[in-house]
Amino acid sequence: DVRRIVDLGANVGYSCLYWCQRYPQSQVTAFEPHPVHLKAIQENLAKNGLLDRVKVVGAAAGTSEKHSYLTDGRSSSTVTDQPAAFQIRVLDIFGEQELANEIDILKIDIEGGEYEILSDPRFAELNVRTIVVEWHNSPEHPDGLTLCLQKLQSLGYETHIGAEDLPLAGLVWAFR
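All of the points below concern the structure found in this document. (Residues numbered from 1 in each chain as written. Predicted model: local features only at pLDDT ≥ 70, side-chain atom pairs only at ≥ 80, totals over all residues. Heavy atoms only, no water.)

1. Examining the packing of aromatic side chains
The following threshold applies: Think of it this way: a Phe, Tyr or Trp ring, Trp meaning its six-membered ring, pairs with another when their centres are within 6.5 Å, and the plane angle makes it stacked under 30 degrees, edge-to-face over 60, tilted otherwise.
Counted under the stated rule, the structure contains one aromatic pair. On the numbers, 6.2 Å between centres and 5° between planes, the contact of Trp173 with Phe175 is stacked.

Below, the structure is given as structure tokens:
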């Protein structure tokens, strides 16, 4: 019975299309800062008659409201404080109404930004049944997999390792 899905890092919206087909009663809120991807999401949703089921938020997911920059790495664009390809808006997702109620599925695929979200104390207050997070190894987080597993397990989630693109990234699924 999946009704509410939040997609942090929706890219061009393929996961939104999948969820709308797989869970016909669901409503999706999709966060995506890349202007080219935003246009593609809207086109994909319109072509599939799903504009009424997916709310697209043209901003990056973060823990504070600010303006920042986005590199143009196609499917691996990252938010940075250094001037880059696009100036974007970052939203404090914990202040967004979309996260205030029960969430059936929360997808976090924000190219390294997952650690800021997961480490915020407000993350523990979210009412989420299923989380899928794409972890990334970086100089700041050389063992992203372990960090994500430990955080989610400490919050009472049962975790499973999903697809891996070793040694750089992979997926962790978490269930309550």
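2. Quick word on the pairing of strand β11 (residues 169–175)
Rules: Any two strands are treated as partners once DSSP identifies two or more bridges connecting them. The helix count covers DSSP runs of H or I at least four residues long, the strand count covers runs of E at least two residues long, and both are numbered beginning at the N terminus.
Relative to β11, strand β9 (residues 128–136) runs antiparallel, the two being bridged by seven bridges. Among the inter-strand pairings, Glu134 is bridged to a residue of β11, identified as Leu171. As judged from the six bridges shared by strand β10 (residues 158–165) and β11, these two strands associate in the antiparallel manner. Considered in β11, the bridge of Glu158 is made with Phe175. Turn length for the β10-β11 hairpin, with the two strands adjacent in sequence and antiparallel, is three residues.

3. A word on the pairing of strand β3 (residues 54–57)
Short version of the rule: Assignment of crossover handedness uses the view with strands pointing away from the viewer, where a clockwise path from the first strand over the helix to the second indicates a right-handed crossover.
Bridge count between strand β2 (residues 27–31) and β3: four bridges; the pairing is parallel. The residue of β3 that forms the bridge with Val28 is Val54. Once you follow β2 into helix α2 (residues 35–47) and on to β3, the crossover reads as right-handed.

4. Describing the pattern of salt bridges
Side chains bearing opposite charge may pair, as long as their charged atoms lie close to each other. Put simply, the rule reads: By definition here, a salt bridge exists when the distance from a side-chain nitrogen of Lys or Arg to a carboxyl oxygen of Asp or Glu is within 4 Å. When accessible area is computed with a 1.4 Å probe and restricted to protein chains, residues below 20% of their type maximum are described as buried, those above 50% as exposed, and intermediate ones as partly exposed.
Scanning all chains against the criterion turns up seven salt bridges. Where Asp7 meets Lys107, a salt bridge forms, and the shortest distance between an N and an O atom there is 2.6 Å. Residue Asp7 is found in strand β1 (residues 4–8), and its partner Lys107 is found in strand β8 (residues 103–108); the two are separated by 100 residues along the sequence. For the pair shown, Asp7 and Lys107 are each scored as buried. Between Arg122 and Asp92 there is a salt bridge, with the nearest N and O atoms lying 2.9 Å from each other. Here Arg122, found in the loop between α3 (114–119) and β9, pairs with Asp92, found in strand β7 (residues 86–92); they are 30 residues apart in sequence, far enough to count as distant. Of the residues examined, Asp92 reaches a relative accessible area of 16% and is grouped as buried. A cluster of three or more residues bridged by salt bridges with shared partners is formed by Asp92, Asp120 and Arg122.

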